[in-house]
Amino acid sequence: MVEAKHLPMDRGFGKTERIDAWWKSPLAMAIYLGLAIAYATWRGFMEADFWIFSDFGMSGGTQTMAIESEGSHVLSPLFSPLIIPGEDGLGSWVPESLWWMSPAMFILIVPAGFRGTCYYYRKAYYRSLMASPVACAVSTPFGDYNGERRLFLFQNLHRYFMYLAVAYLFVLSYDVYMATQFHGENTNGIGVSVGTLVLLLNVILLGGYTLGCHSFRHAIGGIRDRFKNGGGAIAEACWKNCTKLNKNHNKWAIYSLFWVMFTDFYVYACTEGWWTDIVLFGGI
Ligand code: FES
């Protein structure tokens, strides 16, 4: 068996001989991830008490999940699809005894599981939140990195979360469609509001992130030795495009996370009356 050789380096939390500002990047990432986790948790617990249906279907109505003030239907991605315990529709299979859970609590397990096991985010939070190690050639507080064993075997679930995340893209695309369907007392119309575009950009960024996933790339083409033996030109084209997205997977990961949070905040700000969801054209 080959024995690992360790380079001589200072031991102790944060000890290093590096003289550059190695701590800047992990610190920035720790702040970014910390804010995103805190915001999503706060919003997830916010909508625990609701019981609202609009004429248009399940909706947050007067709550802070969806904008309906202009006759539009802009649903926050943190609450989509709306799962309402004990009611008809999507939530009917959820026992009414879970009425205290908001839709976000049911939903967030998918994006949280997908991002939490993502190869890029693993590197990000192993460094920034767990200091394991915080940067190259910087000593760790808990001994050397030993690989993803024991509890960390759950990281292998990433490939399954990937399939759910791809399905989630269709759900969010449906929300964009719904955001073009305006409804009033007796009239319906088609239109586009700023909220529609905010939702659309959210799907685009999440699509770039999800379809550039390493597991998706493997499933779509990497699994094959040669394309001519299976899949042919279509599979090869999909794999090549996936590879292009994969090259910037870190950027897609960062920007898409920011935009999910911003999209939810946009909905929240509009339902609170701080902002107005301006209708750009159409509507009722
Ligand atoms: S590796 Fe990042 S989403 Fe799959």
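Residues numbered from 1 in each chain as written. Predicted model: local features only at pLDDT ≥ 70, side-chain atom pairs only at ≥ 80, totals over all residues. Heavy atoms only, no water.

Enquirer: How should I be thinking about the packing of helix α3 (residues 109-116) against helix α5 (residues 158-178) in this particular structure?
Expert: How two helices pack is summed up by the angle between their axes together with the distance between the axes. Packing of α3 against α5 leaves a shortest axis separation of 9 Å and a crossing angle of 135°. In terms of orientation, α3 and α5 fall into the oblique class. Along this stretch, α3 crosses α5, giving a crossing that reads as left-handed. Residues I109, V110, G113 and F114 of α3 form the contact with α5, whose own contacting residues are H158, F161, M162, L164 and A165. Taken together, the residues that form the contact of α3 with α5 break down as seven nonpolar, two polar and no charged. (Axes fitted to C-alpha atoms, helices over the stretch in contact; angles between N-to-C directions. Helix = DSSP H or I, 4+ residues; strand = E, 2+ residues; numbered from the N terminus. Parallel < 35°, antiparallel > 145°, perpendicular 65-115°, else oblique. Left-handed = near helix turned anticlockwise from the far one by under 90°. Contact = heavy atoms within 4.5 Å. Nonpolar A, V, L, I, M, F, W, Y, C, P; charged D, E, K, R; others polar.)

Enquirer: Sorry if this is basic, but what is going on with the sheet that holds strand β6 (residues 188-193) here?
Expert: Hydrogen bonds between backbone atoms are what pair the strands of a sheet, whose relative direction is either parallel or antiparallel. Spatial strand order, β5-β6-β7: three strands in an open sheet with antiparallel pairing. Of all the strands in the sheet, the pair left with one neighbour each is β5 (181-183) and β7 (279-282). Put simply, the sheet's adjacent strands are angled 50° from each other on average, direction ignored. Examined bridge by bridge, β6 and β7 share three bridges and lie antiparallel to one another. Residue pairing in the sheet places S193 in a bridge with V279 of β7. On the sheet, helix α6 (residues 194-210) packs against β6 and β7 and is oriented at approximately 65° with respect to β6. (Pairing = 2+ DSSP bridges.)

Enquirer: Would you explain the packing of aromatic side chains in this entry?
Expert: In this description, an aromatic ring pair is defined by two values, namely the gap between the centres and the angle between the planes. If you walk through the whole model with that rule in mind, you get 17 aromatic pairs. Measuring from ring centre to ring centre gives 5.9 Å for Y266 and W275, while their planes differ by 50°; the resulting arrangement is tilted. For Y266, a relative accessible area of 5% translates into the label buried. Consider the rings of Y268 and W274, whose centres lie 5.3 Å apart with planes at 85°: the pair is edge-to-face. Through a chain of ring-to-ring contacts, three or more aromatic side chains come together here, namely Y39, W42, F258, W259, F262, F265, Y266, Y268, W274 and W275. (Phe/Tyr/Trp six-rings, centres within 6.5 Å; stacked < 30°, edge-to-face > 60°. Buried < 20%, exposed > 50% of the residue type's maximum accessible area, 1.4 Å probe, protein only.)

Enquirer: Please explain the environment of S173 as it appears in this structure.
Expert: Summarising the element assignment, S173 is placed in helix α5. Accessibility expressed as a relative area gives 35% for S173, which makes it partly exposed. A polar contact is formed between the side chain of S173 and the backbone oxygen of L169, at a distance of 2.7 Å. (Polar contact = N/O pair within 3.5 Å; in protein donor to acceptor, adjacent residues only side chain to side chain.)

Enquirer: Teacher, can you tell me more about the pattern of salt bridges here?
Expert: If the charged atoms of two oppositely charged side chains come close together, the side chains can form a pair. Tallied over the full model, the rule gives three salt bridges. The salt bridge partner of K240 is E236, with a shortest N-O separation of 3.5 Å. With a gap of four residues between them, K240 and E236 both fall in helix α8 (residues 232-247), about one helical turn apart. Here E236 falls in the partly exposed class, since its relative accessible area comes to 30%. (Salt bridge = Lys/Arg side-chain N within 4 Å of Asp/Glu carboxyl O.)

Enquirer: Just to check I follow, could you spell out the layout of surface pockets for this structure?
Expert: A probe matching the size of a water molecule, rolled over the atoms, marks out where space remains unfilled. Taken as a whole, the largest pocket spans an internal volume of roughly 730 Å³. Taken together, 31 residues make up the lining of the largest pocket; nearest its centre are L108, P111, A112, R115 and L257. If you list the elements that add at least two residues to the lining of the largest pocket, you get α1 (24-46), α2 (103-107), α3, α4 (119-128), α5, α6 and α9 (249-271). Here the lining of the largest pocket gets seven residues from one element, more than from any other, and that element is α1. Here the residues of the lining of the largest pocket sort into 26 nonpolar, four polar and one charged. (1 Å grid on protein atoms, 1.4 Å probe; cavity = no way out; pocket = protein on both sides within 12 Å on 5 of 7 lines; lining within 4 Å. Points joined across faces, edges and corners; volume = space filled by probe spheres on them.)

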